[in-house]
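So you can see what is in the structure, the chains are spelled out below.
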Amino acid sequence: MDRKKFYGAFTALITPFTSKDGIDKRAYKKLIDWQIAQGIHGLVPCGTTGESPTLSEKEHEQVIELCVDVVNKRIPVIAGAGSNSTREAVHMTKHAAKVGADAVLVVTPYYNKPTNKGIYLHYKAVSESANIPIILYNIAGRTGRNIEPDLMAKLAGIKNIIGVKEASGNLEQMKKIQELCPKDFLLISGDDALTLPILSMGGVGIISVASNIVPKDIVELVNTKSQTLNEKLFPLIEALFIETNPIPVKTAASLMGLCSARMRLPMCEMEEANLAKLKKALKAYGVLK
């Protein structure tokens, strides 16, 4: 298994919607082609940034299939396959493997607040369901459960589990994960603001929100580890998280003419004051006139 194909800058893709609240396939295809033309290393459809919680099962499958088809093996596709239902996560993982995704991203079961044993059994069931690489997604702020380093090390011993998208915000925890897990276990940043620190401690890349609108610069940041570029990006990244993701980034994509800003409740349009701040940051960065 070539784990190096998952190094670099991967975009957690937004999902464009039509005026009739369907998937805007035309806009999605354009987004994918633009991302590839901008040099992005890989794509992650149907994550939280892609509003996966509000996609029906059929829509989820359509979006994954569309992404895999349009990419056509030009870059790796890591399909979102997370759920708080193990049965559903297994189903989505099987589907992703069937349609040709390169890996799946599976978030810790949310809301249920399972025990460590439950988390382990969840990922074990997903692993046993399909022969496809699995990347864990640790984000306690969304799920209510943090995967502690000891548990992470145990999970790293499961067949197919090759790494983690870490969005705990805890660099000390990440260092401990590196100490306890196998040397080839991939540490991937799940937080745009921490990309450079995580890269500096041996992380292999970022699954980025910001790269939806500035993919070329996120790729350059990963490739060069430039402190100057990191400082330039920081005010933009702050603005992209001024409200709950993906509200600001989808709004930014709309302002840039990439797709519609339409979202599904409970995601909603930005507050006017925050919208003004976002526009100011986009203009200061140079992506909006």
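Higher on the page you've got the structure.
Worth saying up front: this structure is predicted, and the values here are computed from it rather than measured. (Residues numbered from 1 in each chain as written. Predicted model: local features only at pLDDT ≥ 70, side-chain atom pairs only at ≥ 80, totals over all residues. Heavy atoms only, no water.)

Caption draft 1: Representation of the overall build of the protein chain within the structure. Summing up its helical and strand segments, the protein chain has 12 helices and eight strands in all. Over its C-alpha trace the protein chain gives a radius of gyration of 18 Å, about what one expects of a compact globule, namely 19 Å for 289 residues. Oriented by its inertia axes, the alpha-carbon framework of the protein chain measures out at about 50 × 40 × 35 Å. The long-range share in the protein chain, meaning contacts at least 24 apart out of those at least 6 apart in sequence, stands at 71%. Here the protein chain displays about 12,800 Å² of accessible surface, and carbon together with sulfur accounts for 50% of that area. Each charge class in the protein chain can be summarised by its mean position, and for the 36 positive and 29 negative side chains these summaries are 3 Å apart. (Helix = DSSP H or I, 4+ residues; strand = E, 2+ residues; numbered from the N terminus. Rg over C-alpha atoms; globule rule 2.2 N^0.38 Å. Contact = heavy atoms within 4.5 Å. Areas by Shrake-Rupley, 256 points an atom, 1.4 Å probe, with all protein chains shown as cover. Lys, Arg positive; Asp, Glu negative; His and termini not counted. Charge placed at Lys NZ, Arg CZ, Asp CG, Glu CD.)

Caption draft 2: Main features of the pairing of strand β6 (residues 161–166). Where burial is concerned, most of β6 is hidden: six out of the six residues are buried. Here strand β5 (residues 134–138) pairs with β6 via five bridges, running parallel. Paired with Ile134 across the strands is Ile161, a residue of β6. Between β6 and its parallel partner strand β7 (residues 186–189), the chain crosses via helix α7 (residues 171–180), and the hand of that crossover is right-handed. (Buried < 20%, exposed > 50% of the residue type's maximum accessible area, 1.4 Å probe, protein only. Pairing = 2+ DSSP bridges. Right-handed = clockwise from strand over helix to strand, strands pointing away.)

Caption draft 3: Region of the structure containing empty space enclosed by the protein. As enumerated under the stated definition, the model contains one cavity of 30 Å³ or more in all. Counted as a void, the largest cavity has a volume near 30 Å³. Taken together, Asp192, Thr195, Ile218, Leu221, Asn230 and Ile237 make up the full set of residues lining the largest cavity. Elements with a contribution of two residues or more to the lining of the largest cavity: α9 (215–224) and α10 (227–240). Looking at side-chain class alone, the lining of the largest cavity contains three nonpolar, two polar and one charged residues. (1 Å grid on protein atoms, 1.4 Å probe; cavity = no way out; pocket = protein on both sides within 12 Å on 5 of 7 lines; lining within 4 Å. Points joined across faces, edges and corners; volume = space filled by probe spheres on them. Nonpolar A, V, L, I, M, F, W, Y, C, P; charged D, E, K, R; others polar.)

Caption draft 4: How the structure looks around the pattern of salt bridges. According to the stated counting rule, one finds eight salt bridges in the structure shown. We note a salt bridge from Asp21 to Arg264, for which the minimum N-O separation is 3.1 Å. Remark: Arg264 occurs in the loop between α11 (247–255) and α12 (272–285) and Asp21 occurs in the loop between β1 (8–12) and α1 (25–37); sequence separation between them is 243 residues. Overall, the relative accessible area of 41% leaves Asp21 in the partly exposed class. Ionic pairing is found between Glu179 and Lys176, a salt bridge with its closest N-O pair at 3.9 Å. (Salt bridge = Lys/Arg side-chain N within 4 Å of Asp/Glu carboxyl O.)

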